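The lines below spell out each chain.
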Amino acid sequence: MSKFEIVLAAEKSPRATIILGQNASLPEEFAAQELCHYIQRISGAELPIRTNMEETEGPRILIGSPDTNRKTAQAFESADIDFGALDLGEEGFVVRTVEENLVLAGACGRATLYSVYTLLEHLGCRWFAPGELGEVVPRMETVTVGSLDIVEKPSLSYRALMHHLAPTSEHVEWIDW
């Protein structure tokens, strides 16, 4: 019995490419940067980030909804998935393997960011407090994902941490957290 796996990084080298839509939203761009940052901390490999207009080889991590990333739309179409029929609400998202693609797509840019954090949690990352002292980031020689089909539809229409800190560089960790 063969085990399905997508290798994202191995031996401190990237094996997958992050693909963003050409006109990705700022939250989608941030989601790609966060994924790249944490995969590098986990494995030592820096995954390249490309647009959906560039040709790539090997496994791809498709970030963004079918509306913002045509490669995501093609992946869902090839798997006969109607993204709109998933009824994700305002901040729902999908983390799904489709062939050799890993799709991280949300109903909005922020939901796509949540899909990235869900993948990172699947890999063992945890955030207990802002800053590196509040993080748990595992170390792995090889980063792989098996078959995934996560659809999350939050009960709340909006998720946010409310705080009363001034948005200064002194408190920037809280903005990201």
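Keep in mind that this is a model prediction, so the values were computed, not measured.

Q: Provide a residue-level description of the environment of proline 27, including the pertinent values.
A: You can see proline 27 is positioned in helix H1 (residues 26–43). Here proline 27 falls in the partly exposed class, since its relative accessible area comes to 34%. Along the primary structure proline 27 and arginine 110 are separated by 83 residues, whereas in three dimensions their C-alpha atoms are 5.7 Å apart. With sequence-adjacent residues up to four places away left out, proline 27 is seen in contact with Gly109 and Arg110.

Q: How would you summarise the pattern of salt bridges if you had to cite specific residues and measurements?
A: This structure, assessed with the given rule, holds 4 salt bridges. Glutamate 91 is paired through a salt bridge with arginine 110; the nearest N and O atoms lie 2.8 Å apart. With glutamate 91 in the loop between helix H2 (70–78) and strand E6 (93–98) and arginine 110 in helix H3 (residues 109–122), the pair connects residues that are 19 residues apart, well separated along the chain. Owing to a relative accessible area of 29%, arginine 110 belongs among the partly exposed residues under this scheme. A salt bridge links arginine 96 to aspartate 149; the nearest nitrogen and oxygen atoms lie 3.3 Å apart. Pair noted here: arginine 96 is in strand E6 and aspartate 149 is in strand E11 (residues 149–152), with a separation of 53 residues, a long-range link. Relative accessible area serves as the criterion here: at 23%, arginine 96 is assigned to the partly exposed category.

Q: Now, about the side chain of asparagine 101: what can you tell me, with residues and values included?
A: If you trace the backbone, asparagine 101 turns up in strand E7 (residues 101–106). Here asparagine 101 falls in the buried class, since its relative accessible area comes to 5%. Sequence-distant contacts of asparagine 101, defined by excluding residues within four places in its chain, comprise Ile6, Arg60, Leu62, Ala75 and Arg96.

Thresholds, definitions, all that
- Residues numbered from 1 in each chain as written.
- Predicted model: local features only at pLDDT ≥ 70, side-chain atom pairs only at ≥ 80, totals over all residues.
- Heavy atoms only, no water.
- Helix = DSSP H or I, 4+ residues; strand = E, 2+ residues; numbered from the N terminus.
- Buried < 20%, exposed > 50% of the residue type's maximum accessible area, 1.4 Å probe, protein only.
- Contact = heavy atoms within 4.5 Å.
- Salt bridge = Lys/Arg side-chain N within 4 Å of Asp/Glu carboxyl O.

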